[in-house]
Amino acid sequence: MAILIDPPQVPGHGRFWSHLVSDTSLEELHAFAASIGLSPRAFERDHYDVPDEWYGAAVAAGALPVASRDLVSRLLDAGLRVRKGTGPVGERG
């Protein structure tokens, strides 16, 4: 349905970060991330970490800006949320 991005508000490594997710599939998420030039190394379990300077490009490419709590809610509703320590989506029990 949608690629979602929350505001760049998570500090780390001298910058702020957003999270980029799909509420449909990881395949959709990976394709979108590749289309805007994000490295596969930016993927973590169920999202891509996006540095603040990439936020505008992600939105311009079609990512829907949402609040962080809405992003997590949509990820949970889609069954794509992977919590730390639970492994990849295919390995959840």
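In this text, all values refer to a predicted model and were calculated from it rather than measured experimentally.

### Some remarks on the overall build of the chain
Next up, step 1: Counting its regular elements, the chain contains three helices and six strands.
Next up, step 2: When the helices and strands of the chain are read in sequence order from the N terminus, they spell out β-β-β-α-β-β-α-β-α.
Next up, step 3: Per-residue burial for the chain yields a buried fraction of 34% across its 93 residues.
Next up, step 4: Restricting to contacts in the chain with at least 6 residues of sequence separation, those with at least 24 account for 55%.

### Here we look at the confidence of the model for the chain
Next up, step 1: When the pLDDT values of the chain are averaged, the result is 90; 89% of them are 70 or greater.
Next up, step 2: Here residues 89-93 is a poorly scored stretch, pLDDT under 50, and it has nine contacts once near neighbours within four places are set aside; other chains count.

### Here's the deal with the pattern of salt bridges
Next up, step 1: Throughout the structure, instances matching the rule amount to four salt bridges.
Next up, step 2: Across the salt bridge formed by E53 and R15, the nearest N and O atoms sit 2.7 Å from each other. Residue E53 is located in the loop between β5 (47-51) and α2 (55-60), and its partner R15 is located in strand β3 (residues 15-22); the two are separated by 38 residues in the primary sequence.
Next up, step 3: Residue classification places E53 among the partly exposed positions, given a relative accessible area of 48%.
Next up, step 4: The closest approach of N and O atoms between D23 and R74, which form a salt bridge, is 2.7 Å. Here D23 is found in the loop between β3 and α1 (26-35), whereas its partner R74 is found in helix α3 (residues 68-77), with 51 residues between them in sequence.
Next up, step 5: Classification of R74 by relative accessible area gives partly exposed; the value is 30%.

### Description of α1
Next up, step 1: Regarding α1, the residues found buried are L26, L29, F32 and A33. One side of α1 holds all its buried residues, which, seen down the axis, span an arc of 125°. In α1, the exposed positions angled more than 90 degrees off the buried face are occupied by E27, A34 and S35.
Next up, step 2: Next to the buried residues of α1 lie β1 (3-5), β3, β4 (43-44), β5 and α2.
Next up, step 3: Just downstream of α1 lies G37, where phi reads positive at about 90°.

### Digging into unusual backbone geometry
Next up, step 1: Positioned with a positive phi, H13 is a non-glycine residue whose angle comes to about 55°.
Next up, step 2: Note on placement: H13 falls in the loop between β2 (10-12) and β3.
Next up, step 3: For R45, which is not glycine, the phi torsion reads 60° and is therefore positive.
Next up, step 4: Residue position: R45 is located in the loop between β4 and β5.

Rules used throughout
Residues numbered from 1 in each chain as written. Predicted model: local features only at pLDDT ≥ 70, side-chain atom pairs only at ≥ 80, totals over all residues. Heavy atoms only, no water. Helix = DSSP H or I, 4+ residues; strand = E, 2+ residues; numbered from the N terminus. Buried < 20%, exposed > 50% of the residue type's maximum accessible area, 1.4 Å probe, protein only. Contact = heavy atoms within 4.5 Å. pLDDT = per-residue confidence, 0-100. Salt bridge = Lys/Arg side-chain N within 4 Å of Asp/Glu carboxyl O. Arc of directions from axis to C-beta.

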